Each structure stands twice: as structure tokens, then as C-alpha cells.
Amino acid sequence: MAIELVCPAGTPSALRSAVDAGAHAVYCGFADETNARNFPGLNFSPAEMTKGVRYAHDHGAKVLVAINTFPKAGTFEPWRKALAAAEEAQADAVILADMAVLDHAATHHPGLRLHLSVQAAANTPEAIGFYADTFNVKRVVLPRVLSVEEIAKLNKEIDVETEAFVFGGLCPMTEGRCSLSSYATGRSPNLSGVCSPPEHVEYVEEADGTAVRLAGFTIDRFGKDEAAGYPTLCKGCFVAGGKSTHLFEDPVSLNAAGLVGRLADAGVTALKIEGRQRGKGYVAEVVKTFRAVVDAIEAGGDPVKAEQLLAGLVEGGRQTSGAYRKQWR
Amino acid sequence: MLEHQSPELPRPARLLAAALPSWPLEMVLTRALRALADRRPELFERLGVHSRCVFVVRPTDLDFAFSVVPHRWQGRVSVVRPETRGDVHIEGPLLRLLGLLDGSLDGDALFFNRVISVSGRTDALLALRNAIEEAELAPSDLLGVSGRVGRFADAAILRAIQALQGMAEPAANATPGAL
């Protein structure tokens, strides 16, 4: 297998859907603040994780456990427990970001394979080399800000595997260091595992459409027939220079299906699909489509029309190849 | 206009639904909810503190809505007027709402495409959505029947839903490949 397809699962049933649809690996997290998708009703108990790993292994797939938030001072216990539970469940790897968590894993769980989360925002040979040399990290998930050419250059200078996002929510911020959500709500993906925590999100139907509020701030409005996006500040609509615009980022989903061949040529080991917060319908459809993309490239077959097939699932009704094709840098 | 529009129930089905008395529907759905709590209590753990919330689900092609309090064995489903308020409101065409129940449709995609609209407590809404995602509900679960009767009900109802989708007005998929 040349390219590994790493797929999201927010629930045990989504894990089974991903495996059944052709995922080579599934990533998921425990139901607490130790992972960056800490939403109500989502994620796995330790017992569910063990069953999930067994199901995946029985079907030839791997399970990677995301423990990728940053513990606050004096609150290390949940991360310690999560690492022990991942090893107990016989996970194939853990995805970590915090140096203390990496150190604890390397010291106390030497049998666990360590992947560096995108939350660590490591995108230089020096940073990646540090994590590889210090903690024996085997794979790094690349931030979504690099072009294909930059990834190819990076891969020539490092000795660890790289994993690149190819579909789903697009975060252009320095991940693990973004404070936009904290600014408005006091909670962030970095420490609490939630960007725009749902208890702060409100959708209000108004005469001309839907207003989106975060912690009392109106951050966007969608007209009645206008496609909507996630309620995050980075995708909010702001007035700047006299113009009302999505200043930081448009509501749009990444779709790099057309670049999978080039990413493989650039030395990328694994392709990641974002969306642990999404439903089984999304997981099954996206995994099936990308598995077809990967299989077609490996077999030299006709390209799969992934943009067309996945058009109904994307945020804001739009798709982009993101920074992979960015010209202006 | 958005590319992906939502199908509405055909007029005869809407008229039939409007003629139904509410109490048998309430009784069947409440009993099914409590039976599910009995059979799969772990699903209701996903709701956490939100299990006492009032979820108002309004199929936009029907003249009534459902009020659901999924509080385990004390759970209750009531047929209410469409304008009834609760902690959480979910609105959309019945066939799309059913697609959310069985997990064949993705809630975020329906929201992005404005097929469904939501308001109220977003944390409770997400907890319910994720609990339903894990539930993998079949039509028989909504009727509270199992075994051979359940399998017969599933087959019959799924055929009926497919037929309704075929007659839906206007007929189009909200999410290609789903349902």
C-alpha cells in the first residue's frame, strides 16, 4: 500500500462506516478535553475504543487516537489516562501535540507509535527534527498552510513520515496557537478541545436570513438561499476598509482530490480527511470517494470526479485546493 | 438559489398525515423512545445533562411538530402545534429529517445547504445529533417493535420512503449518494 487514507470517526458507528468504506486508518478520540473535537455526545469511552480497534483490526485497518490538546497547569491526569487507555485498546498510534504529553508517552509507553498532531504546527525541518530526535515521533501531520512544492522540499529534509489533509474543514491559522475562540468565549481547541464551543453558539432566524452569534457577538449572516458555514470567528464576516467581507477565511471546504498524485510524488505517506464532528453519511461518502481516488492513482486509472461527487457535503457550498496551489506567497 | 433543494412530501401524504389523530402517534413514539432507553442506555449517556431538554422537531411539510424530551425511561414524545417553542428547534422536510434519524444523511451538510434550520441551545442540539448518529436507528426502533415484526416493518417503511422520495415535490437530492 503506497498511500494511506486516514479517516475521521466521532462515534463507534462512524468508525465502522469509515472502515467499511475503505479507510486504511481511522482517527478518533476519547470523550473529554484530551482531544480537539470535544463536543457534546461525541467521541469514545475506553471500552468503545477497545471495541473499535478490534473492529478495525479485524478488517485490516488501523486506529490512531488523537490526544492532541495542551494540558493546563496541574491538570495532567486526563492526558495520562488517555495515553494508558489508548495503549490498553491496542491503538496503532497516538496523535499528540503537547511536549509534556509527548515526553510522558515516550517515557512510559515506549510501545506506542507517536504521531505529531497538526496542533503542534510543526512545518520546518528544524521543528520536525526536534520532535523526531527528542520523542521518536514517526509521523507529522502537516499544517494546512504549505504548498505542494514546499511539502516536497520539506520531505527531502526530514526522516519522518508526513500526513497531509486532503478534504474537509480548512484551518489557515497557526494551529495550536489560535486564540480567536478564546477571545470570544474563553475556551479554545488548544486547551478545551473546542473551537466555538456550542454552548456559546446561537442561530437566530431573522426576516432576511439567519444570524450566527458567538458569545453574543453576531459574526455572520446567511441569506435564506445562501449556503452556510461553521460558526467560527475565523470565518466570520467583518467590515474592513469600508467593505463587508469574510476577512480571514471564506466558509469553504478543502478538496485536494486533484492533487493526490502530486502529494504522493512529493513524498507524503498519508492523506487525512477532516471531520470527526460530521455524521456517518459524510464519513461513508467522503471515504468511499477518496479511496476510489487513491486506488485510481495507484492503478493508473481514470481520475475520479471527487469535486462533483462531494459537492453536497461541503461547507459554504464551495471547495478549494487551499494553500497547496497558493500562488501569492 | 442553492443547487441542492429539499423534497417535500407529496400532497396526498400530507393530507393523510393531517388527518391522523395525535394520541396514537404520541403513544407509539413515546413507547418506542422508552424501549430504546431500556435496550441501549449508553445512547442516552451521550445526551448527558441535555436529556431533560425539550427538542421541537418540525417537519416543514406537515401541519404539526413533535416535542421530544429524551429523558431515558421518562422520555416523552408529544404532537404539538408547529409554533411550539422548546430548548432546541429543528426544521426541515420530513424525508430529510428521517435521513438524519437513520444516519444516511449528514446534518452539517443539510445545514450548510439550508435544507434544515436550527435554533435554540446548540450544545443540546449537538448532543442529540451525536447520540442519534451512534444509535443507527431503523424504522422499527421508532415503532418500538423488534424481531420478525421489526424486520417486516423496516422493509415496508423503507419501501414506502423510497416511493415517497420518488413522488417528492420537487425531487432532488440534498446530498448526492445519500438516502
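What you see is a predicted model; the values in this text were computed from it and never measured.

## Considerations on the nonpolar core
Here's step 1: The biggest cluster of nonpolar side chains holds 84 residues, and the ones touching the most others in it are Ile273(A), Phe290(A) and Tyr324(A).
Here's step 2: Looking at which element gives the most residues to this core, the answer is helix H9 (residues 280-299) of chain A, with seven residues.
Here's step 3: If we ignore the near neighbours within four places in the chain, the residues touching Phe290(A) are Leu5(A), Val166(A), Phe167(A), Asn255(A), Ala257(A), Val260(A), Ile273(A) and Leu310(A).
Here's step 4: Of all hydrophobic cores here, the second largest spans 47 residues; its members include Ala184(A), Ala228(A), Leu95(B) and Val115(B).

## Examining the interface of chain A and chain B
Here's step 1: Listed per partner, the contact involves 41 residues of chain A and 33 residues of chain B.
Here's step 2: Of the roughly 2900 Å² buried between chain A and chain B on both sides combined, carbon and sulfur atoms contribute 50%.
Here's step 3: On the surface where chain A and chain B come into contact, there are five salt bridges.
Here's step 4: Residue Asp106(B) is joined to Arg278(A) by a salt bridge in which the shortest nitrogen-to-oxygen separation is 2.7 Å.
Here's step 5: At the junction of chain A with chain B, the criterion picks out 19 residue pairs in polar contact (both at pLDDT 80 or more).
Here's step 6: Mapped onto the side of chain A that touches chain B, the elements with two or more residues apiece are helix H1 (12-21), strand S8 (201-206) and H9 of chain A.
Here's step 7: Residue classes in the side of chain A that touches chain B are distributed as 16 nonpolar, 13 polar and 12 charged.

## Side note on the packing of helix H4 (residues 99-108) of chain A against helix H5 (residues 125-135) of chain A
Residues and elements named next belong to chain A.
Here's step 1: Close contact between H4 and H5 brings their axes to 10 Å; oriented N to C, the two are set at 30 degrees. Counting all contacts with H4, which are made through Met99, Leu102, Asp103 and Ala106, the residues of H5 involved are Phe130, Tyr131 and Phe135.
Here's step 2: Classifying every residue of the contact of H4 with H5 by side-chain character gives six nonpolar, no polar and one charged.

## Some thoughts on H4(A)
Residues and elements named next belong to chain A.
Here's step 1: Within the span of H4, buried status applies to Val101, Leu102, His104 and Ala105. All buried residues of H4 project into a common sector of 165 degrees when viewed along the axis, lining one side.
Here's step 2: Next to the buried residues of H4 lie strand S3 (62-67), helix H3 (77-88), strand S4 (93-96), strand S5 (114-116) and H5.
Here's step 3: For H4, the capping residue at the N-terminal end is Asp98, with a side-chain oxygen 3.0 Å from the backbone nitrogen of Ala100.

## Quick word on the sheet that holds strand S9 (residues 209-214) of chain A
Residues and elements named next belong to chain A.
Here's step 1: Ordered by their spatial adjacency, three strands build an open sheet running S8-S9-S10, and the pairing between neighbours is antiparallel. Of all strands in the sheet, those with a lone pairing partner are S8 and strand S10 (217-222), marking the two edges. In this sheet, adjacent strand axes meet at a mean angle of 25 degrees when their direction is disregarded.
Here's step 2: Pairing of S8 with S9, which is carried by six bridges, proceeds in the antiparallel orientation. In the sheet register, Tyr203 faces S9, and the bridge partner there is Val212.

## Points about the confidence of the model for chain B
Here's step 1: Residues with a pLDDT of 70 or more make up 90% of chain B, whose mean pLDDT is 85.
Here's step 2: Low pLDDT, under 50, characterises residues 171-179 of chain B; the stretch is placed with 32 contacts to residues that sit more than four places away or in other chains.

## A word on the UniProt feature "domain: SCP2" (unreviewed entry) in chain B
Here's step 1: Within the UniProt annotation, "domain: SCP2" (unreviewed entry) is assigned to residues 54-131 of chain B.
Here's step 2: The distance from the first to the last C-alpha atom of residues 54-131 of chain B is 15 Å, and the span holds 31% helix and 31% strand.

## So, the environment of Arg276(A)
All names here are of chain A.
Here's step 1: For Arg276, the location among the structural elements is in the loop between strand S14 (270-273) and H9.
Here's step 2: By relative accessible area, Arg276 is classed as buried at 4%.
Here's step 3: For the pair formed by Arg276 and Leu254, sequence separation is 22 residues and the distance between their alpha carbons is 15 Å.

## Quick notes on the UniProt feature "binding site: [4Fe-4S] cluster" (unreviewed entry) in chain A
Residue and element names in this part refer to chain A.
Here's step 1: Per the UniProt record, "binding site: [4Fe-4S] cluster" (unreviewed entry) is annotated on Cys171, Cys178, Cys195 and Cys234. These annotated residues cover 64 residues of sequence, and their C-alpha atoms all fall within 11.0 Å of one another, placing them together at a single site.
Here's step 2: Mapped onto the elements, Cys178 comes out in the loop between strand S7 (161-169) and helix H7 (180-185).
Here's step 3: Given the relative accessible area of 18%, Cys178 is considered buried.
Here's step 4: Here Cys234 shows up in the loop between S10 and strand S11 (238-240).
Here's step 5: Excluding anything up to four places from it in sequence, Cys234 contacts Met173, Leu180, Phe248 and Glu249.

## A word on the packing of H1(A) against helix H2 (residues 46-58) of chain A
Residues and elements named next belong to chain A.
Here's step 1: The interhelical angle for the contact between H1 and H2, taken along N-to-C directions, is 10 degrees, at an axis separation of 10 Å. In this view, H1 runs roughly parallel relative to H2, as classed from their interaxial angle. Taken together, the residues of H2 that come into contact with H1 (itself represented by Pro12, Leu15, Arg16, Val19 and Asp20) are Glu48, Gly52, Tyr55 and Ala56.
Here's step 2: A per-class count over the contact of H1 with H2 returns five nonpolar, one polar and three charged.

## Concerning the sheet that holds strand S4 (residues 88-92) of chain B
Residue and element names in this part refer to chain B.
Here's step 1: If you trace the five strands from one edge of the open sheet to the other, you get S3-S2-S1-S4-S5, paired in mixed fashion. Looking at strand neighbours, the two that pair on one side only are strand S3 (76-80) and strand S5 (117-120), the edges of this open sheet. Mean inter-strand twist for the sheet, computed between neighbouring axes without regard to direction, equals 20 degrees.
Here's step 2: Relative to the sheet, helix H4 (residues 94-101) contacts strand S1 (55-59) and S4, its axis offset from that of S1 by approximately 135 degrees.
Here's step 3: The strands touched by helix H6 (residues 122-135) are S1, S4 and S5; relative to S4, the strand with the most contacts, the crossing angle is about 60 degrees.

## Concerning the packing of aromatic side chains
Here the distance between the centres and the angle between the planes together describe a pair of aromatic rings.
Here's step 1: A complete count under the given rule lists 10 aromatic pairs over all chains for this structure.
Here's step 2: With centroids separated by 5.0 Å and ring planes inclined at 85 degrees, the aromatic side chains of Tyr230(A) and Phe112(B) adopt a geometry described as edge-to-face. A residue pair is termed interchain when its members come from two chains, as with Tyr230(A) in the loop between S10 and S11 and Phe112(B) in helix H5 (residues 107-112).
Here's step 3: Between Phe238(A) and Phe248(A), the aromatic rings sit 5.8 Å apart at their centres with planes inclined by 70 degrees, giving edge-to-face as the arrangement. With a gap of 10 residues between them, Phe238(A) in strand S11 and Phe248(A) in the loop between strand S12 (243-245) and strand S13 (253-255) connect regions that are remote in the sequence.
Here's step 4: Grouped by ring-pair contacts, the aromatic residues Tyr203(A), Tyr230(A), Phe111(B) and Phe112(B) constitute a single cluster.
Here's step 5: Lying across the ring of Phe165(A), Arg144(A) places its NZ or CZ 3.8 Å from the centre.

Reading the values: rules and limits
Residues numbered from 1 in each chain as written. Chains lettered and ligands numbered in written order. Predicted model: local features only at pLDDT ≥ 70, side-chain atom pairs only at ≥ 80, totals over all residues. Heavy atoms only, no water. Core = buried A, V, L, I, M, F, W, Y, C linked by side-chain atoms within 4.5 Å. Buried < 20%, exposed > 50% of the residue type's maximum accessible area, 1.4 Å probe, protein only. Helix = DSSP H or I, 4+ residues; strand = E, 2+ residues; numbered from the N terminus. Contact = heavy atoms within 4.5 Å. Buried area = accessible area lost by both parts, 1.4 Å probe. Salt bridge = Lys/Arg side-chain N within 4 Å of Asp/Glu carboxyl O. Polar contact = N/O pair within 3.5 Å; in protein donor to acceptor, adjacent residues only side chain to side chain. Nonpolar A, V, L, I, M, F, W, Y, C, P; charged D, E, K, R; others polar. Axes fitted to C-alpha atoms, helices over the stretch in contact; angles between N-to-C directions. Arc of directions from axis to C-beta. Pairing = 2+ DSSP bridges. pLDDT = per-residue confidence, 0-100. UniProt positions renumbered as here; feature names shortened; annotations may be inferred. Parallel < 35°, antiparallel > 145°, perpendicular 65-115°, else oblique. Phe/Tyr/Trp six-rings, centres within 6.5 Å; stacked < 30°, edge-to-face > 60°. Lys NZ or Arg CZ within 6 Å of the ring centre and 35° of its normal.

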